[in-house]
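Now for the letters of each chain:
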Amino acid sequence: MASEFDLIKRYFNRPQPAAILGVGDDAAVVQVSPGMQLAISADMLVAGTHFYADIDPWMIGWKSMAVNISDMAAMGAQPRWATLAIALPKADETWVARFAEGFFACAEQFDVALIGGDTTRGPLTISVQIMGEIAPGQSLLRSNAHVGDDLWVSGPLGDAALALAAIQGRFPLSETELYACSPALHQPQPRVALGRALQGLAHSALDISDGLLADLGHILERSKVGAEVWLKAIPQSDIVSTHSHQSKVQAMILSGGDDYELCFTAPAKNRHRIAEIGQKLGLTMAIIGQITASPTLTVLGLDDAPLTLKEHGFDHFA
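Residues numbered from 1 in each chain as written. Predicted model: local features only at pLDDT ≥ 70, side-chain atom pairs only at ≥ 80, totals over all residues. Heavy atoms only, no water.

1. Focus on the pattern of salt bridges
- Per the stated rule, a full pass over the model turns up seven salt bridges.
- Here K63 ties to D258 by a salt bridge, and the two come within 3.3 Å at their closest N and O atoms. With K63 in helix 2 (residues 57–75) and D258 in the loop between helix 9 (247–255) and strand 8 (262–266), this residue pair connects regions lying 195 residues apart in the sequence.
- Accessibility expressed as a relative area gives 6% for K63, which makes it buried. (Salt bridge = Lys/Arg side-chain N within 4 Å of Asp/Glu carboxyl O. Helix = DSSP H or I, 4+ residues; strand = E, 2+ residues; numbered from the N terminus. Buried < 20%, exposed > 50% of the residue type's maximum accessible area, 1.4 Å probe, protein only.)

2. Some thoughts on the environment of I277
- Position of I277 among the secondary structure elements: in helix 10 (residues 271–281).
- We classify I277 as buried; its relative accessible area is 16%.
- Counting along the chain gives 79 residues from I277 to L198, while the straight-line C-alpha distance between them is 8.6 Å.
- Filtering out sequence-adjacent residues up to four positions away, I277 remains in contact with L194, A197 and L201. (Contact = heavy atoms within 4.5 Å.)

3. Focus: the side chain of D149
- Here D149 is to be found in the loop between strand 4 (125–134) and strand 5 (150–153).
- Buried D149, no salt bridge; nearest opposite-charge side chain is K269, N-O distance 9.3 Å.
- Among the polar contacts made by the side chain of D149, one reaches the main-chain amide nitrogen of H146 at a distance of 3.0 Å.
- Setting aside anything within four residues of it in sequence, one finds D149 in contact with H203, T265, A266, P267, G289, Q290 and I291. (Lys, Arg positive; Asp, Glu negative; His and termini not counted. Polar contact = N/O pair within 3.5 Å; in protein donor to acceptor, adjacent residues only side chain to side chain.)

4. Things to note about the sheet that holds strand 3 (residues 113–121)
- In spatial order, the strands read 1-4-2-3; together these four strands make up an open sheet with mixed pairing. At either margin of the open sheet sits one strand with a lone partner, and together these are strand 1 (37–46) and strand 3. Each strand of the sheet is rotated relative to its neighbour by a mean of 15°, with strand direction disregarded.
- Strand direction decides the pairing type here: strand 2 (residues 78–88) and strand 3, joined by eight bridges, are parallel. Considered in strand 3, the bridge of A82 is made with L114.
- Of the strands in this sheet, strand 1, strand 2 and strand 4 are in contact with helix 2, which crosses strand 1 at around 145°. (Pairing = 2+ DSSP bridges. Axes fitted to C-alpha atoms, helices over the stretch in contact; angles between N-to-C directions.)

5. Comments concerning the nonpolar core
- One finds M65, I126 and F264 to be the most contacted residues of the largest nonpolar core, which totals 51 residues.
- At ten residues, helix 2 tops the list of elements feeding residues into this core.
- The residues contacting F264, other than those within four sequence positions of it, are D150, L151, W152, L194, L198, A202, S204, A205, I274 and M285.
- Listed in part, the 37 residues of the second largest apolar core include L216, L220, V240 and V299. (Core = buried A, V, L, I, M, F, W, Y, C linked by side-chain atoms within 4.5 Å.)

6. What about the packing of helix 2 against helix 3 (residues 93–109)?
- Helix 3 packs onto helix 2 with a crossing angle of 35° between their chain directions and a minimal axis gap of 6 Å. In the crossing of helix 2 with helix 3, the sense of the turn from one axis to the other is right-handed. Side by side, helix 2 and helix 3 meet where P57, W58, I60, G61, W62, S64, M65, A66 and I69 of the first sit next to W95, R98, F99, E101, G102, F103, A105, C106, A107 and Q109 of the second.
- Taken together, the residues that form the contact of helix 2 with helix 3 break down as 13 nonpolar, four polar and two charged. (Left-handed = near helix turned anticlockwise from the far one by under 90°. Nonpolar A, V, L, I, M, F, W, Y, C, P; charged D, E, K, R; others polar.)

7. Thoughts on the side chain of E133
- Following the sequence through the fold, E133 ends up in strand 4.
- Among the polar contacts made by the side chain of E133, one reaches the main-chain amide nitrogen of S33 at a distance of 2.6 Å.
- Not counting chain neighbours up to four residues away, the residues in contact with E133 comprise Q31, V32, S33, M36, Q37, A77, Q78, R80, W81 and R196.

What follows is the structure, encoded as structure tokens:
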């Protein structure tokens, strides 16, 4: 059976010209570009909570990197470096090789260098820390939404939640529908280019991981404002739209999570420029509401009547 050092050497130790010193020493050494600041985030994925251990390890590898890159996108930062700490129940080289393929496929697509980490034995858990660069004063914050701002999302919501509900037997989908929805759950696409383009245009931003309403709530709390959300304005895929007359699907759109689209606020004067950016990037972007002075979050349903929702999003300890 391979040792932890064998696994690191065979599957994770790759040349990284983006680092002065990468995998192999007690610490990595990197050089931040002149005049830039360092943005840092970390995410943990636990088998049975964030993914099923028996799915294709390639997808687990991709998602574990993608959700971290998405945090950089939400800040408007350029992702540069990452570390990986992984606990494995056993040294299954077939599993590790496939995981590494997915992990590096995502890392290479977004020019992220793996520069260190740790491997140990234990319940399957994946922890990634990511670092990126951003110019001083250009970070997209949760605390800067203004009353009167348009509320935007960068793409359709609900596909990942619908796929998960189908996998868990909570919602019936045909095989064709599940096949179409599953990439949103297993292979999210971080909106890095959009986050970078929104510098100077958006007032506040975050990525949607725990559900639109739950994550939007962080902006409202930090900015001390409220919002009105229009359900019928939220972009939806054809499959989600087909089922969106059902209240349980509406809840998936609003609070299902795992979308990894950007939710951001911006002044109305920037609508045209933001729409042009979306068109250039091929994103289905839409204004889905407005920031209000009243410190409440109101959701208007398909009939424009206020909705009463039991849950706003995912909570690990609920």
